[in-house]
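# Examination of the molecular architecture
Chain by chain, the residues:
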Amino acid sequence: MKKNIFTSILYILAFVGMIITLFVVYKDIDNLFLAKFVFGYLIFLVLFLIYIVTVSIINLRKLNKMDKRKRFFKIIIITILISCCNFIFYYLREPSKISFYNIVISPFVISLIFILSDLPFLAKNKKYY
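Our subject in this report is the structure included herewith. Just so you know, these numbers come straight off a predicted model, no measurement behind them.

### Some details on unusual backbone geometry
One non-glycine residue, Asp28, lies in positive phi territory at about 55 degrees. Position of Asp28 relative to the elements: it lies in the loop between helix H1 (5-27) and helix H2 (32-62).

Set out below in structure tokens:
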């Protein structure tokens, strides 16, 4: 499978920017240029997130029905498994902290990211159906 080079370059830039930003924040460097860099990096992250979500939706629409169905069932199964593990963990450790967010929403988002994470890297010229 051929990868999308532009997306890979954006991921590398995001990773390098994250390392630089974490270093600047950890060392508490007070510099006008670095402050502008961190602000620009935050803007880049927002635009990068919009790009990744858009490309994922476009590539998801191009998949055939069988692949969509497999991904949907994987998301459901992984959500159920993580939800059960979370429920058991919270029930044994801190029963007062059991909430809908901890048991259902968070595992659903994690499974969505896990199953759909390869969509931005799909080649643009590949036929999916």
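### Describing H2
Helical periodicity: at 3.6 residues per turn, an α-helix aligns residues three or four positions apart in one direction. Counted at 1.5 Å a residue, the expected span for H2 with its 31 residues is 45 Å, and the 45 Å between its end C-alpha atoms agrees. For H2, the full list of buried residues reads Leu34, Val38, Tyr41, Phe48, Ile52, Val55, Ser56 and Asn59. On its buried side, H2 packs onto H1 and helix H4 (100-116). For H2, the capping residue at the N-terminal end is Asn31, with a side-chain oxygen 3.3 Å from the backbone nitrogen of Phe33.

### Observations regarding a nonpolar patch on the surface
Judged by side-chain polarity, Ile12, Phe15, Val16, Met18, Ile19, Ile20 and Leu22 come together as a nonpolar surface patch covering roughly 640 Å² of accessible area. Of note, Ile12 is situated in helix H1. Owing to a relative accessible area of 55%, Ile12 belongs among the exposed residues under this scheme.

### Things to note about the side chain of Thr7
Structurally, the position occupied by Thr7 is in helix H1. On the accessibility criterion, Thr7 (0% relative accessible area) is buried. At a separation of 3.0 Å, a polar atom in the side chain of Thr7 contacts the side chain of Tyr51. Beyond its immediate sequence surroundings of up to four residues, Thr7 is in contact with Tyr51, Ile52, Pro120 and Phe121.

The rules behind these values
Residues numbered from 1 in each chain as written. Predicted model: local features only at pLDDT ≥ 70, side-chain atom pairs only at ≥ 80, totals over all residues. Heavy atoms only, no water. Helix = DSSP H or I, 4+ residues; strand = E, 2+ residues; numbered from the N terminus. Expected span 1.5 Å × (residues − 1). Buried < 20%, exposed > 50% of the residue type's maximum accessible area, 1.4 Å probe, protein only. Contact = heavy atoms within 4.5 Å. Polar contact = N/O pair within 3.5 Å; in protein donor to acceptor, adjacent residues only side chain to side chain. Patch = residues over 30% accessible without salt bridge, like charges linked within 9 Å, V, L, I, M, F, W, Y side chains within 5 Å. Areas by Shrake-Rupley, 256 points an atom, 1.4 Å probe, with all protein chains shown as cover. Salt bridge = Lys/Arg side-chain N within 4 Å of Asp/Glu carboxyl O.

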